[in-house]
Amino acid sequence: MSNEVRSLGMISPKGTGKTSLVEAILFNAKIIKRLGRVEDGNTASDFDPEEIERRMTLFPAVNTFTAGKTRVHLLDTAGYPDFLPETRAVARAVDNAVMLINAADGVKSQAAKFWALFDDLQMSRSIFVNFMDKELANFGAVLDQLRKAFEGALFVPITVPMIKDKKLVGVIDLVGGKAYACEADGSGKFTESDIPDDFADLAEEFKEKLVEAVAEMDDALTEKYLESGELSEQEVTQGLLKGVAEARLTPVYAGSATLNVGVAQFMNRFLSLSAAPGQRPEIACKDKDGNEVVRKPDPAQPFSAFVFKTLVDQYAGKISLFRIVSGKLTPDSQLLDTTQDRKVKVQQLFTVFGKRQESADQLVAGDIGAIVKVDEFQTGDTICDMANPVVLPPLKFPDPVLSLAIKPKERGDEDKLSLGLTRLVEEDPMLKVSREEQTQELMISGTGQIHLDCVVSRLKKRFAVEVEVSTPEVPYRETITKKVQVQGRHKKQSGGRGQFGDVWLELEPLPSGSGFVFENKIFGGSVPKNYIPAVEKGVVERMGRGCIAGYPMVDIKVTIFDGSYHTVDSSDMAFRIAGSLALQKGTDLAGPVLLEPHMSVEVECPDECMGDIIGDVNGRRGKVSTMEQGLGVKIVKATVPLSEMLRYAPDLDSMTSGRGTYTMELSHYEEVPKKIAQEIIEAYQKRKAEEEES
Ligand SMILES: Nc1nc2c(ncn2[C@@H]2O[C@H](COP(=O)(O)OP(=O)(O)OP(=O)(O)O)[C@@H](O)[C@H]2O)c(=O)[nH]1
Ligand SMILES: [Mg+2]
């Protein structure tokens with residue numbers, strides 16, 4: 001069993017101090033010489049220029065180091081909602097999650113999302129109550145909030161803060177029963193002592209609760225506790241270990257990441273209490289015939305791993321970060337990528353420290369490592385032993401919700417732009433690139449405004465392409481509201497061979513979502529059969545380009561019921577044009593309307609912001625459907641036209657001082673109000689007239 005490996009992911013809402021805590025841990029372990037600060041842009045984890053500029057983590061960073069006999073994989077993740085899908089992928093790669101809470105803010109709604117993720121994956125987890133240096137910080141209140149927010153979970157304080165004259169002076173380690181007076185200057189220096197008298201009552205009270213909780217972990221402990229009323233330090237540790245590995249209890253630690261107070265005490269206990277790879281449940285996967293098999297986190301099992309993140313380094317090339325699920329891996333191995341169905345030769349193996357890689361001789365189940373320059377590997381791929389192919393459960397990345405048209409500022413930069421986007425797509429599973437069918441514009445789609453802003457900024461910084469982006473495009477549609485019959489006649493019979501096509505079509509609206517239906521009701525050959533497909537083609541082409549504002553037409557039935565032809569001058573081309581003319585003419589008579597997508601939107605906000613949120617939704621032509629009481633937050637559900645939601649993220653941020661979040665997805669299409677439709681149609685006609693002029 002690979003018990004000397006520990007992996008932990010810092011997984012919590014934005015700004016709770018993940019990057020700062022990782023920094024302090026690395027500094028205390030003497031892995032880095034200076035305690036960097038997020039503000040100064042010199043931390044080990046936020047090394048990307050974009051992260052430095054924004055002072056926030058944008059993608060996962062791995063820091064692998066050795067502490068005593070343990071190889072520790074310490075992963076930092078992004079807390080901003082746009083980047084949550086990648087954080088989920090990290091959660092799959094680590095055995096332990098540490099959720100940070102800003103003690104001055106208390107438990108916020110966002111925390112529930114992360115907690116649900118831990119529950120989903122049955123993760124071993126701990127809480128670090130951070131910002132204990134703030135005057136408003138209240139450890140006891142945070143504990144109460146946690147217990148209320150996550151009913152059924154057992155929160156057990158392991159270290160508690162010592163506050164004197166409103167200042168954080170150190171922490172008490174309840175398991176060892178010692179006090180640690182910490183210097184609050186970032187140095188991480190501390191002095192160990194017995195628990196001072198003025199904290200004795202507090203410590204006793206917490207310790208009692210701790211022992212009670214631990215006694216529940218198994219029958220032997222329960223019995224011992226009931227008989228003697230106490231448990232030894234060893235028994236407490238044993239109970240905690242079991243509770244953590246089985247995710248039945250959650251240790252809670254206290255401190256300040258930036259002052260480096262309580263961090264050493266946290267890490268010390270964490271290393272002995274956290275789950276080892278061998279203690280985690282086996283993973284159900286499929287063999288090559290689709291049969292269920294399992295892989296255990298055991299080096300003796302056949303090798304299997306998955307790529308949870310891809311980076312493209314200017315010098316090192318493609319870096320595939322992977323987690324070994326079972327078995328072991330040495331350099332110069334022939335492997336199978338079962339997702340791509342390709343054999344891959346892996347020459348060198350690496351561990352990762354921030355932006356650096358260090359070569360490794362062997363990695364085992366539970367380890368997190370890197371393989372460089374294997375172009376075949378993509379994020380989410382399963383890699384495994386040639387003789388024992390399996391497919392591990394796939395990583396899921398959601399469909400993008402926001403799209404922008406993008407083009408280079410400088411003409412001639414098109415190639416640079418497409419190269420840059422190709423690279424970014426390799427790294428970023430939430431980014432999609434496509435070409436808009438109607439306008440042929442290049443579109444980028446992502447999880448939100450900040451995500452797409454980062455893409456644009458990276459194109460400039462890394463690939464030296466400055467781009468212009470449109471306001472995000474709304475995919476409008478056109479349809480009709482009345483049934484009409486109309487003639488389309490195309491006739492050109494002057495000089496040379498003439499052209500003649502003549503059709504009578506009936507246009508009829510269909511229910512929403514029906515698409516397009518074409519019917520031939522010609523009897524007696526007024527239009528010969530062989531021209532009918534050309535008529536349909538003309539109609540379909542015209543529908544694609546739209547008749548009123550340049551958007552595709554939907555939900556229409558077109559029936560051809562009469563027409564005429566000329567034995568010499570008729571042709572497919574002439575009937576195609578006749579079909580197209582008839583559709584245009586008919587649409588004008590059939591009460592054409594524009595349709596727009598309406599989104600189901602869910603907003604989470606602090607209680608006091610709810611009035612503003614609802615007023616704002618109404619102002620955006622939205623309809624509020626429900627208001628619910630969430631976890632210390634209000635949840636507002638509504639449907640709102642997409643065109644009103646294109647720049648919602650910054651507005652929500654300012655309405656809620658950055659504390660609100662939202663999600664949205666397509667609900668249905670609905671008619672655009674007449675006045676707005678008129679504006680869109682006029683803008684289109686103006687654009688068209690300009691194009692024709694030039
Ligand atoms: N006073 C105080 N400030 C802290 C503490 N921990 C972090 N900060 C500050 O809080 C801000 C956010 O800290 P980060 O470490 O970037 O938080 P994060 O969780 O990594 O944030 P994201 O990467 O955006 O999710 C920074 O300005 C830190 O200096 C703390 O314990 N006390
Ligand atoms: Mg961070």
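Predicted, not measured: the structure shown is a model, and the values here were computed from it.

## Concerning the overall build of the protein chain
Then, in step 1: If you tally the helices and strands in the protein chain, you get 16 helices and 37 strands.
Then, in step 2: Considering only C-alpha atoms, the protein chain reaches an extent of 110 × 60 × 50 Å along its principal axes.
Then, in step 3: Residue burial in the protein chain is summarised as follows: out of 694 residues, 45% are buried.
Then, in step 4: Long-range pairs, those at least 24 residues apart, make up 72% of the contacts in the protein chain with a sequence separation of at least 6.

## So, the sheet that holds strand β10 (residues 190-194)
Then, in step 1: Strand order in the open sheet formed by 4 strands is β7-β8-β9-β10, and the pairing between neighbours is antiparallel. Sheet topology places β7 (159-164) and β10 at the edges, where each strand pairs with a single neighbour. The sheet shows a mean angle of 30° between the axes of neighbouring strands, taken without regard to direction.
Then, in step 2: Pairing of β7 with strand β8 (residues 167-173), which is carried by 6 bridges, proceeds in the antiparallel orientation. Paired with Val160 across the strands is Ile172, a residue of β8.
Then, in step 3: Across the sheet, helix α6 (residues 197-215) lies against β7, β8 and β9 (178-182), angled at about 160° from β7, the strand it touches most.

## Overview of the site of ligand 1
Then, in step 1: Looking at ligand 1, there are 22 residues lining it, with Gly17, Thr19, Met56, Thr57 and Gly79 nearest.
Then, in step 2: Counting residues per element, the shell around ligand 1 draws most heavily on helix α1 (residues 18-28), which supplies 3 residues.
Then, in step 3: Taken together, the residues of the shell around ligand 1 sort by class into 6 nonpolar, 10 polar and 6 charged.

## Side note on the domain arrangement of the protein chain
Then, in step 1: Looking at the assigned domains, one finds that the protein chain contains domain 1 (5-279), domain 2 (283-391), domain 3 (402-469), domain 4 (477-591) and domain 5 (595-675).
Then, in step 2: For domain 1 versus domain 3, the distance between C-alpha centres works out to 39 Å.
Then, in step 3: The interface is formed by 6 residues belonging to domain 1 together with 10 residues belonging to domain 3.
Then, in step 4: Classifying every residue of the side of domain 1 that touches domain 3 by side-chain character gives 4 nonpolar, no polar and 2 charged.

## Overview of the packing of α6 against helix α8 (residues 233-245)
If you want to describe how two helices pack, look at the angle between their axes and the distance between the axes.
Then, in step 1: Where α6 contacts α8, the axes come no closer than 9 Å and their chain directions differ by 60°. With respect to α8, the element α6 is oriented oblique. Both α6 and α8 take part in a crossing whose hand is left-handed. Contacts from Val211, Val214 and Ala215 in α6 reach Val236, Gly239, Leu240 and Gly243 in α8.
Then, in step 2: Residues that form the contact of α6 with α8 fall into these classes: 5 nonpolar, 2 polar and no charged.

## Let's talk about the environment of Glu204
Then, in step 1: Relative to the assigned elements, Glu204 resides in helix α6.
Then, in step 2: Judged by the 13 C-beta atoms lying within 10 Å of it, Glu204 falls in the partly exposed class.
Then, in step 3: For the pair formed by Glu204 and Leu174, sequence separation is 30 residues and the distance between their alpha carbons is 8.5 Å.

## Points about helix α10 (residues 414-427)
Then, in step 1: Over its 14 residues, α10 extends 20 Å from the first C-alpha to the last, a length consistent with the 20 Å expected when each residue adds 1.5 Å.
Then, in step 2: Considered for burial, the residues of α10 that qualify are Leu417, Gly420 and Leu421. Angular distribution of buried residues about the axis of α10 spans 100°; they occupy a single face of the element. For α10, the exposed residues set more than 90 degrees away from the buried face come down to Asp415, Leu419 and Thr422.
Then, in step 3: Packing partners of the buried residues in α10 comprise β25 (402-408), β26 (432-435), α11 (449-463) and β28 (467-469).

## Focus on α6
Then, in step 1: With 19 residues, α6 should reach 27 Å at 1.5 Å per residue; the first-to-last C-alpha distance of 27 Å fits that figure.
Then, in step 2: A bend of about 25° at Ala203 is the largest found in α6.
Then, in step 3: What α6 keeps buried is the set Phe206, Leu210, Val211, Ala213, Val214 and Ala215.

## Notes on unusual backbone geometry
Most peptide bonds are trans, and most residues other than glycine sit at a negative phi.
Then, in step 1: Notably, Arg55 is not glycine yet its phi reads approximately 55°, a positive angle.
Then, in step 2: Here Arg55 shows up in the loop between α2 (49-54) and β2 (61-67).
Then, in step 3: Despite not being glycine, Asn260 has its phi angle at roughly 55°, a positive value.
Then, in step 4: Mapped onto the elements of the fold, Asn260 is located in the loop between β11 (250-254) and α9 (263-273).
Then, in step 5: Given 26 C-beta atoms within 10 Å, Asn260 falls into the buried group.

## Focus on the pairing of strand β5 (residues 124-130)
Strand residues, when the strand is regular, have side chains that alternate between the two faces of the sheet.
Then, in step 1: For β5, the buried fraction is high: 7 of the 7 residues fall into the buried class.
Then, in step 2: Judged by which residues are buried, β5 turns out to be covered on both faces: Ser124, Ser126, Phe128 and Asn130 on one side and Arg125, Ile127 and Val129 on the other are all buried.
Then, in step 3: Where strand β4 (residues 96-102) and β5 come together, 7 bridges link them in parallel fashion. Residue pairing for β5: Asn96 is matched across the bridge by Ser124.
Then, in step 4: Considered for its hand, the β-α-β crossover made up of β4, helix α4 (residues 109-120) and β5 is right-handed.
Then, in step 5: By the bridge criterion, 3 bridges tie β5 to β11 in an arrangement that is parallel. Paired with Val129 across the two strands is Ala254, which belongs to β11.

## Quick look at the sheet that holds strand β13 (residues 292-295)
Then, in step 1: Strand order in the open sheet made by the 3 strands is β13-β12-β24, with antiparallel pairing throughout. Every other strand in the sheet has two partners, leaving β13 and β24 (390-391) as the edge strands with one partner each.
Then, in step 2: Taken together, the 2 bridges between strand β12 (residues 283-287) and β24 define a ladder with antiparallel strand orientation. The residue of β24 that forms the bridge with Asp287 is Val390.

## Observations concerning the pairing of strand β1 (residues 5-10)
Then, in step 1: Most of β1 sits out of view: 6 of its 6 residues are buried.
Then, in step 2: Residues Val5, Ser7 and Gly9 line one face of β1 and the alternating positions Arg6, Leu8 and Met10 line the opposite face, and both faces are buried.
Then, in step 3: Two strands pair when backbone bridges link them, and β1 and β4 are joined in this way by 3 bridges, in the parallel orientation. Bridging across to β4, Gly9 finds its partner in Ala97.

## As for the packing of α1 against α9
Then, in step 1: Closest axis-to-axis distance for the α1/α9 pair is 10 Å, and the angle between their directions is 80°. The pairing of α1 with α9 is recorded here as roughly perpendicular in orientation. Facing Leu21, Ala24, Ile25 and Asn28 of α1, the residues of α9 in contact are Val263, Ala264 and Met267.
Then, in step 2: Class assignment of the residues belonging to the contact of α1 with α9 gives a composition of 6 nonpolar, 1 polar and no charged.

## Some details on the environment of Glu183
Then, in step 1: Its place among the elements puts Glu183 in the loop between β9 and β10.
Then, in step 2: Setting aside its immediate chain neighbours within four residues, Glu183 contacts Lys189 and Phe190.

## Describing the environment of Ser657
Then, in step 1: Checked against the element boundaries, Ser657 lands in the loop between α15 (648-656) and β37 (661-671).
Then, in step 2: For Ser657 and Asn260, which are 397 residues apart along the polypeptide, the C-alpha to C-alpha distance reads 28 Å.

Rules used throughout
Residues numbered from 1 in each chain as written. Chains lettered and ligands numbered in written order. Predicted model: local features only at pLDDT ≥ 70, side-chain atom pairs only at ≥ 80, totals over all residues. Helix = DSSP H or I, 4+ residues; strand = E, 2+ residues; numbered from the N terminus. Buried ≥ 20, exposed ≤ 12 C-beta atoms within 10 Å, placed from the backbone. Contact = placed C-beta atoms within 7 Å. Pairing = 2+ DSSP bridges. Axes fitted to C-alpha atoms, helices over the stretch in contact; angles between N-to-C directions. Near = placed C-beta within 6 Å. Nonpolar A, V, L, I, M, F, W, Y, C, P; charged D, E, K, R; others polar. Domains from an automatic or database assignment. Parallel < 35°, antiparallel > 145°, perpendicular 65-115°, else oblique. Left-handed = near helix turned anticlockwise from the far one by under 90°. Expected span 1.5 Å × (residues − 1). Arc of directions from axis to C-beta. Bend = angle between axes of the 7 residues up to and from the residue. Right-handed = clockwise from strand over helix to strand, strands pointing away.

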